[in-house]
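Architecture at a glance
Residue-level listing of the chains:
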Amino acid sequence: MADHAQAPFADWRVLELSNGIAVSYCAKMFADAGAEVVKLESPQGDSMRNWNAGGPAGALFGYLAAGKKSVTYREKAAVTPLLAGADVVLTDLTDGWTLADITAHTGRSAVVVTVTPFGLTGPYVDDRVAANEFILQALCGSTAGRGWPDDEPVQAGGRLGEWLAGTYAAAVAAATARHAALGGGGEIVDVSIHESMVIAMGGLPAMSASVLGPDSLIQQRSLELPSIVPTADGLVGFCTITAQQFQDFLVMIDRADLVDDAELASFAGRIERRDEFVGMVTEWTLARTTDEIVDLAVAFRIPVAPIATPATLLTVDHFVQRGVFVESQPGVIAPRVPYRSDAIATRTPGAGPPSLGADNGRVHWPRRHRRPTLADALPLADVRVTDLTAFWAGPVATQLLGTLGADVIKLEGVRRPDGMRFSAGRPPDWDQWWETGPVFLCSNNNKRSVSLELSTAAGRAVALELIAATDLVIENFSPRVMENFGLEWEAVAAANPRAIMVRMPAFGLDGPWRDRVGFAQTMEQATGMAWMTGHADGPPVIPRGVCDPIAGLHAVFAAIAALAIRDRTGTGLHVESTMVESALNVAAEMLVEHSRNGIEMRRQGNRGPGASPQGVYRCRGDDEWIALAALDDAGRAAVAGLIGQPDLAPDEAGWRERADDVDKQLAAWASGRTVSEAVAALRSCGVAAAPVTGPAALLSDPHLLARGFWETVDHPVVGAFLCTGMPFEFVGKRRRWLRRVPPLYGQHTDEVLMGVLGHGEQDLARLREAGVTSVRPAGL
């Protein structure tokens, strides 16, 4: 760490009131960035202190709470001074706390963030619908799409939705708190875990149905082919996003004879012939070691990764050489903070979690006396962004920045625009078909688009002009791309010494995997997420896609941290925020449990910690399923009555021992009922239950509609469609986040080059004539 490095939030006071992962991880991110974080705990302490994976409690708590302070209270009135002096209050409203309890004492510039299953309002809140992560996955469209057609759908392991929501909360809280420190007013931010999960885990097929019509939706469940298969000494995972990658894969496994097989080239065809396909792939992989296969796939530019397990994570060469894992407390290994900069000081590893009440009487926060002068502005209204991102992870980051008020100018090449414009939209015989990609449309709102070919000298010169007028440059290409453009940090800093550059390479700017192709699926295979997902007696399964938003949100947090430092110093910063290390941070539980307790966590199908019984069961109808989770003894007693076993003891241990038998009885009970009948019966007696919701049904979900989550976009090519908004709202303000529809290709080129950079009509004509800018992508 350089001598001039600063902790971004060193003078911020953050108060945490929580009993779960989401808020605790959010607060951890602030502690990592230097904030003074105080856990306000009841005499019983945060329930995470007792959380375990089958061994001694405390491994996950230690990871989440390291570097924080602990203050206990018996009466809420006793902590009024802490509420009054806090800059940020993070809460899940457990332990009897209400929003009114908190806001009655916070200052005018304080940012209060609530993270709850369904948000603060709406039908599911009014009806007191009980939910854990498992139930939320069923409701958000995630579970319904995972597994083979006709088989039992399966959850994503690792409670990823809670980590995801915590990261959303951290990014929004950081931006809003920075604004408050500069003269903005305080905000109450209502974050919904359910809505976060719809965006990142289940909603993309719904977006496709909204943009292209219901006939476009693939209704059946699916697993990637090829994906995870056994090798001679372990497991390996592939990912073939493009047609070229699939053809190269066939050549690699010595089946070039199938390159022209049109049926196998289609995903639906591979599902139809999955036994044949998996058989020939497995025959080839079992004859080779994992390392041999990885080396060969890398040579073919096919995304590939060894499947990480709790025991193997620490041996991965890339992670070892980059120093990704650190000793977070005596004898416990954990991933480091997922962003790096010579100018940013993050929390020093080694600080263990606080003992309960360790800081009683030691924390004194005088009230802030700030007079808000920018109360009506959005938090990032003072920021301009040069957006060099593509696909999903980077655009998620820049869309959030734009949502919070930044002027985001998206640069797209003439030869290679954002590839998501061409993905899963209309076929090439449609007019302006490149404007119809659903993922592009749902992750590029609130931006202006400039067509600019960066591989030309003139294009690079215009880019540097824009960078000179920019606060933040963000990109997510592989490292060699920015090198080829001549737009690395040295060029950015020379053009604008105040500019912040955030780079989002898949694997990092150095290390053995630096130049490998990496998609979200690869990250899920390499970090342990896949190891934790799937049926207990089957292979690991990728959760599918969540790594992209998680990477984007961590990059936003890193960008706000860099802005906070620049606010003080006036000097720009270079920041690396990698996708794989963001994923490692939210998949850390299996590593810390193995490191501290020697426990090898693994996938459990639809079972999981904190609820028993828990599972999905087929109901009457065509592929209709219900998810249920008994969260406490009362829930187990109610289930016992429903299945005609009233003598079953309510203790969780006994139910886990009889899990297979209970599953059979619940399957029989559900099979005679419709989903709505089963949900009503379970909820009426206090059992958490939900339909396993298909993606198309999300567009008419009464709770999402009532909360204004879906926002109507009126697009000049696609027409009007419902688009995912943001999973939060500022309480008391109109919920409308999508102020500018996703841009047409190059739509704002003239506007930006003339209005921002001062170019004239003749300059623009010369650039167009030279192919430096264009009104449509080249080669179409």
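Note on numbering: residues in each chain are counted from 1, in written sequence order. Where local features are concerned, this predicted model is filtered to residues with pLDDT of at least 70; where side-chain atom pairs are given and counted, the filter is 80 or more; whole-chain, interface and lining totals use all residues. Each side-chain value is worked out from all heavy atoms of the structure, with water and hydrogens disregarded.

As annotated in an unreviewed UniProt entry, the protein chain is CoA transferase from Mycobacterium conspicuum.

1. Brief notes about the pairing of strand S1 (residues 13-17)
Using a 1.4 Å probe on the protein chains alone, a residue whose accessible area is under 20% of its type maximum counts as buried, one over 50% counts as exposed, and one in between counts as partly exposed. Only DSSP runs of H or I with at least four residues qualify as helices, and only runs of E with at least two residues qualify as strands; both kinds are numbered from the N terminus onward. When you tally the buried positions in S1, you get five out of five residues, the bulk of the element. One ladder, built from four bridges, connects S1 with strand S2 (residues 36-41); its direction is parallel. If you follow Arg-13 over to S2, its bridge partner there is Glu-36. Crossovers are described as right-handed under a simple rule: with the strands pointing away from the observer, the path leading from the first strand over the helix to the second runs clockwise. Where the polypeptide runs from S1 across helix H1 (residues 21-32) and back to S2, its parallel neighbour, the crossover connection is right-handed. The pairing of S1 with strand S4 (residues 88-91) spans four bridges and is classified as parallel. From the neighbouring strand, Val-14 faces S4, where its bridge partner is Val-88. Strand pairing requires that DSSP identify at least two bridges connecting the strands.

2. Concerning the environment of Ile-199
With respect to the helices, strands and loops of the structure, Ile-199 is situated in helix H8 (residues 193-202). The buried category is assigned to Ile-199, whose relative accessible area is 11%. Measuring from C-alpha to C-alpha, the distance between Ile-199 and Ala-130 comes to 21 Å, with 69 residues separating the pair along the chain. Any two residues whose heavy atoms approach within 4.5 Å are treated as being in contact. Not counting residues up to four positions away in its chain, the partners in contact with Ile-199 are Tyr-168, Trp-392, Phe-709, Thr-724, Gly-725, Met-726 and Pro-727.

3. Focus: helix H10 (residues 243-252)
Turning to H10, its buried residues are Gln-245, Phe-246, Phe-249, Leu-250 and Met-252. When H10 is viewed along its axis, its buried side chains cluster within an angular range of 160° and face the same direction. Looking at the packing, one finds that the buried side of H10 touches strand S8 (235-238), helix H11 (262-265), helix H12 (267-272), helix H13 (274-285) and helix H14 (290-299). Positive backbone phi, at 65°, marks Asp-254, one or two positions downstream of H10. In this description, the arc belongs to the directions extending from the helix axis to the C-beta atoms.

4. Let's talk about unusual backbone geometry
Most of the time, phi is negative for any residue but glycine, and the peptide bond is trans. Each neighbour pair has its own omega, and for Leu-225 with Pro-226 the value is 0°, a cis peptide bond. Checked against the element boundaries, Pro-226 lands in the loop between helix H9 (204-212) and strand S7 (228-230). Of note, the amide linkage connecting Ser-612 to Pro-613 takes the cis form, showing an omega dihedral of 0°. Within the chain, Phe-391 stands out as a residue other than glycine whose phi angle is a positive 65°. For Phe-391, the location among the structural elements is in the loop between strand S13 (384-388) and helix H16 (393-403). Classification of Phe-391 as partly exposed rests on a relative accessible area of 41%. Phi at Ala-424 takes a positive value of approximately 65°, unusual for a residue other than glycine. Note that Ala-424 resides in the loop between strand S14 (407-412) and helix H17 (438-443). Residue classification places Ala-424 among the exposed positions, given a relative accessible area of 56%.

5. Considering the sheet that holds S1
Spatial strand order, S3-S2-S1-S4-S5-S6-S24: seven strands in an open sheet with mixed pairing. Across the chains shown, the open sheet's two edge strands, defined by having one partner strand only, are strand S3 (69-72) and strand S24 (728-730). Taking each pair of neighbouring strands and ignoring which way they run, the sheet shows an average axis angle of 20°. The convention used is that axes are lines fitted to C-alpha atoms, helices contributing only their stretch in contact, and that angles between N-to-C directions extend from 0 to 180 degrees. The sheet contacts of helix H7 (residues 160-181) involve S4, strand S5 (111-116), strand S6 (187-192) and S24, and relative to S5 the element is tilted by about 170°.

6. Let's talk about the sheet that holds strand S16 (residues 472-475)
With mixed pairing, the seven strands of this open sheet are ordered in space as S12-S18-S17-S16-S13-S14-S15. Edge positions in the sheet fall to strand S12 (339-340) and strand S15 (447-451), since each has one partner strand and no second. Sheet strands in contact with helix H18 (residues 457-468) are S13, S14 and S16, and its direction is about 170° off that of S14. In this fold helix H22 (residues 547-569) packs onto S12, S16, strand S17 (500-503) and strand S18 (574-577), with an angle of close to 160° to the strand it touches most, S17.

7. A closer look at a negative patch on the surface
A contiguous patch of negative charge on the surface is contributed by Asp-150, Asp-151, Glu-152, Asp-622 and Glu-624. Position of Glu-152 among the secondary structure elements: in the loop between helix H6 (133-139) and H7. The class for Glu-152 is partly exposed, based on a relative accessible area of 31%. Two joining distances apply to patches: 9 Å for like charges and 5 Å for nonpolar side chains (Val, Leu, Ile, Met, Phe, Trp, Tyr), and every residue must have over 30% relative accessible area and no salt bridge. Residue burial considers only the protein chains on display, and all accessible areas are found by Shrake-Rupley using a 1.4 Å probe. Any Lys or Arg side-chain nitrogen located within 4 Å of an Asp or Glu carboxyl oxygen qualifies as a salt bridge. Neither His nor the chain termini are counted; the positive set is Lys and Arg, and the negative set is Asp and Glu. To locate a charge, take atom NZ for lysine, CZ for arginine, CG for aspartate or CD for glutamate.

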